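Here is what each chain is made of, one letter per residue.
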Amino acid sequence: MENFTYFTPTKVVFGKGTESEIGRLVKEQGCRKVLVHYGGGSAERSGLLGRIYRSLKEEGIDFISLGGVVPNPRLSLVYQGISLCRREGVDFILAVGGGSVIDSAKAIGYGIVNKGDVWDFYARKRKAEGCLPIGAVLTISAAGSEMSDSSVITNEEGWLKRGYSSDFSRPRFAVMDPELTMTLPAYQTASGCVDIMMHTMERYFNQSGSMELTDGISEHLIRTVMRNAKILMEEPENYDARAEVMWAGSLSHNGLTGCGTDGGDWACHQLEHELGGMFDVAHGAGLAAVWGSWARYVMDARPDRFAQFAVQVMGEEPGKDDRETAMKGITAMEAFYRAVGMPASIKELGVDLTDGQARELAEKCSFSGTRTIGCVKKLGQEEMYQIYRMAGGL
Ligand code: NZQ
Ligand code: ZN
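Conventions adopted
Residues numbered from 1 in each chain as written. Chains lettered and ligands numbered in written order. Predicted model: local features only at pLDDT ≥ 70, side-chain atom pairs only at ≥ 80, totals over all residues. Heavy atoms only, no water. Phe/Tyr/Trp six-rings, centres within 6.5 Å; stacked < 30°, edge-to-face > 60°. Lys NZ or Arg CZ within 6 Å of the ring centre and 35° of its normal. Buried < 20%, exposed > 50% of the residue type's maximum accessible area, 1.4 Å probe, protein only. Helix = DSSP H or I, 4+ residues; strand = E, 2+ residues; numbered from the N terminus. Pairing = 2+ DSSP bridges. Disulfide = S-S within 2.5 Å. Near = heavy atom within 4 Å. Polar contact = N/O pair within 3.5 Å; in protein donor to acceptor, adjacent residues only side chain to side chain. Areas by Shrake-Rupley, 256 points an atom, 1.4 Å probe, with all protein chains shown as cover. UniProt positions renumbered as here; feature names shortened; annotations may be inferred. Donors = N, O, S within 2.8 Å, 3.2 Å for Na, K, Ca; no water. Core = buried A, V, L, I, M, F, W, Y, C linked by side-chain atoms within 4.5 Å. Contact = heavy atoms within 4.5 Å. Expected span 1.5 Å × (residues − 1). Axes fitted to C-alpha atoms, helices over the stretch in contact; angles between N-to-C directions.

Student: Please clarify how the packing of aromatic side chains should be interpreted in this entry.
Tutor: Note on aromatic pairs: each is described by the distance of the centres and the angle between the planes. Enumeration over the complete set of coordinates arrives at 18 aromatic pairs. An aromatic cluster is built from Y204, F205, W291, W294, F306, F309, F336 and Y337, whose rings are joined through pairwise contacts. One residue, R305, lies across the ring of Y204, its end atom 4.0 Å from the ring centre. The aromatic ring of Y385 is capped on one face by R359, whose charged end is 4.2 Å from the ring centroid.

Student: How should I be thinking about the pairing of strand β6 (residues 150-155) in this particular structure?
Tutor: Side-chain direction in a regular strand flips from residue to residue, so the side chains alternate between the two faces of the sheet. Of all 6 residues making up β6, 6 are buried, and the element is well covered by its neighbours. Burial of β6 is two-sided: the residues S150, V152 and T154 facing one way and the residues S151, I153 and N155 facing the other way are all buried. Sheet topology places β6 next to strand β7 (residues 160-165); 6 bridges connect them, and they run antiparallel. Bridge assignment links I153 to a residue of β7, and that residue is R162. In textbook terms, the turn of a hairpin is the stretch between consecutive antiparallel strands, and for β6 and β7 this stretch comprises 4 residues, one of which, G158, has a positive phi near 90 degrees.

Student: Explain the state of the cysteines here, please?
Tutor: Structurally, a disulfide amounts to a covalent bond that connects the sulfur atoms of two cysteines. Under the definition given, this model contains 0 disulfides. Left without a disulfide partner, C131 is nearest to the cysteine sulfur of C85, which lies 11 Å away. Of all cysteine sulfurs, the one in C268 lies closest to C193, which takes part in no disulfide; the gap is 18 Å. According to the relative accessible area criterion, C193 is buried, its value standing at 1%.

Student: Sorry if this is basic, but what is going on with the site of ligand 1 here?
Tutor: Every one of the 32 residues lining ligand 1 counts as a neighbour, but G40, S42, S100, D103 and S148 are closest to it. In this structure, H199 approaches ligand 1 through a side-chain N or O atom, which is 2.7 Å from an oxygen atom. Within the side chain of H273, an N or O atom sits 3.1 Å from an oxygen atom of ligand 1. Burial of ligand 1 by the protein amounts to 89% of the accessible area it has alone, namely 950 Å². If you list the elements that add at least two residues to the shell around ligand 1, you get α5 (99-113), β6, α7 (186-204) and α10 (267-279).

Student: Explanation requested: the UniProt feature "domain: Fe-containing alcohol dehydrogenase-like C-terminal" (unreviewed entry) in the chain in the structure shown.
Tutor: Look at the UniProt record and you will see "domain: Fe-containing alcohol dehydrogenase-like C-terminal" (unreviewed entry) annotated at residues 189-390. Here residues 189-390 is 65% helix and 0% strand, with 26 Å between the C-alpha atoms at its ends.

Student: Is there a simple way to think about the coordination of the zinc ion (ligand 2) in this case?
Tutor: Around the zinc ion (ligand 2), the protein supplies D195 (OD), H199 (NE2), H269 (NE2) and H283 (NE2) as donor atoms, at distances of 2.0 to 2.2 Å. Summarised as a motif, the one-chain spacing of the donors to the zinc ion (ligand 2) is D-x3-H-x69-H-x13-H. Of this pair, D195 and H199 both sit in helix α7, separated by 4 residues, roughly a single helical turn. Residue D195 shares its accessibility class with H199, and that shared class is buried.

Student: Help me understand the nonpolar core, please; the structure alone is not making it clear to me.
Tutor: Buried together is how nonpolar side chains tend to be arranged in soluble globular proteins. Counting residues in each nonpolar core, the largest one holds 63 residues, and the members touching the most others are W291, W294 and Y388. It is helix α11 (residues 283-298) that contributes the most residues to this core, 9 residues altogether. Beyond its immediate chain neighbours, meaning those up to four positions away, Y388 contacts Q270, L271, E274, L275, I346, L353, A358, L361, A362 and C365. Ranked by size, the runner-up nonpolar core spans 35 residues in total, among them C85, V90, W119 and M176.

Student: Would you mind going over the UniProt feature "domain: Alcohol dehydrogenase iron-type/glycerol dehydrogenase GldA" (unreviewed entry) in the chain with me for this structure?
Tutor: Following the UniProt record, one finds the feature "domain: Alcohol dehydrogenase iron-type/glycerol dehydrogenase GldA" (unreviewed entry) at residues 9-178. Secondary structure over residues 9-178 splits into 32% helix and 25% strand, and the C-alpha atoms at its two ends are 21 Å apart.

Student: When you look at α5 in this model, what are you seeing that I'm missing?
Tutor: Three or four residues apart is the spacing at which side chains of an α-helix point the same way, because the helix has 3.6 residues per turn. For α5, which comprises 15 residues, the first-to-last C-alpha distance of 21 Å matches the rise-based estimate of 21 Å (1.5 Å per residue) to within 8%. The buried count for α5 comes to 13 of 15 residues, which makes it a mostly enclosed element.

Student: What's the story with the environment of L353 in this structure? I'm lost.
Tutor: The residue L353 is located in the loop between α13 (322-339) and α14 (355-365) in this model. For the pair formed by L353 and L77, sequence separation is 276 residues and the distance between their alpha carbons is 29 Å. Setting aside residues no more than four positions away along its own chain, L353 makes contact with F279, I346, A358, L361, Y388, G392 and L394.

Student: In this structure, what is going on with the environment of K347? I would like to understand it.
Tutor: Secondary-structure assignment places K347 in the loop between α13 and α14. Linking K347 and G392, residues 45 residues apart in sequence, is a C-alpha distance of 5.7 Å. Setting aside residues up to four positions removed in sequence, K347 forms contacts with D352 and A391.

Student: What am I meant to see in the sheet that holds strand β3 (residues 62-66) here?
Tutor: Either a parallel or an antiparallel arrangement is found when strands of a sheet pair, and the pairing is made through backbone hydrogen bonds. Taken in spatial order, the 6 strands make up an open sheet running β1-β8-β5-β4-β2-β3, and their pairing is parallel. At either margin of the open sheet sits one strand with a lone partner, and together these are β1 (11-14) and β3. Shown here is a sheet whose adjacent strand axes are inclined to one another by a mean of 20 degrees, direction ignored. Sheet topology places strand β5 (residues 134-138) next to strand β8 (residues 173-176); 4 bridges connect them, and they run parallel. The residue of β8 that forms the bridge with V137 is V175. Together, β2 (33-38) and β3 form the strand contacts of helix α4 (residues 75-88), whose direction differs from that of β3 by roughly 160 degrees.

Below you can see the structure in the form of structure tokens.
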């Protein structure tokens, strides 16, 4: 087992009606003025935003709001948020939504506390020295940003989607009412479930030795999400299934399933971020579209691990050797994606990839050939190109 630091400072307030506690939770933060940050309208339509405003007013909290965050959140709105918050003296950001809204809030938070261009952090030019405190009211189980240290932003100049991670941005609290996720379209629910599974799978596929407890937690988490994702495709208002998925979403990306590992692979996330930046696809769906091709490409570097995954997660019978067992697991996972309406290739994602686009994606993902991704098998620009081609059916 590798050494690790497990840091999860987020206070989780979970369950039915918990959004009524928001005013009190914000007040506990001792802030002067709050920015309520939200997305394209779902929080308004459901009446959630109105309930939050009431709760803030009841506690006498001064606030302003900024909506309009889109999936694959944009840098231009982050800049707008930074100027607005500076002008208004905002010292706390309440993000109401999913990963996109929370990530946009984190980026605004970095921009206010640090001098210079906030994109520098995402472009890996320098490190942030702090972030404004953030609180989250989660409306979609997926990205895990409500407890994670990451934020992913898309720069419209060049359509580059880049992530930045630091403990400064971990939310102070996360209000999680599974009922709020019942209005999600089936596609978003399924895409969210894939993302949750992938946050654990990225950590599970690694080059580390024995991690019995972490493996057990991970395998159970993935199975739980798969089982409940299927229930939600039939019964979108099943509270218990919504609750299982929501809690799994936070635990899958708060570091728990990486404890004792070398950090994990993360190549699929890097490959997907370029797809998201270029084609504006839902993040979880993009992950499902590349996973099978990635798995087949790297499997021979750790057939034992893929075989364990096949048996312990996918419930497959062992084949004649690890390689055969591993293949069964990969095929079974692709069948699961399709069963919940997710793509198992870039074509199924709705993108007719050209060879030139596969090259461009690999060029961007490798930062023009200056970095490799993944740890199960290190992937350079040429390998990335091959995986994009496989996933694109070329
Ligand atoms: O904008 P609104 O109208 O709210 O609509 C959203 C959006 O269209 C909708 N939605 C959210 N809650 C809803 C709802 N619709 C009906 N009822 C509700 N209760 O769902 C759509 C997707 O929202 P979004 O926030 O984009 O989803 P998600 O949570 O999947 O976030 C995706 C973003 O997070 C990044 C992804 O790359 C992507 O940009 N990630 C962030 C991570 C992190 N910060 O730790 C890690 C992840 O790996 C991921 O990269
Ligand atoms: Zn993700």
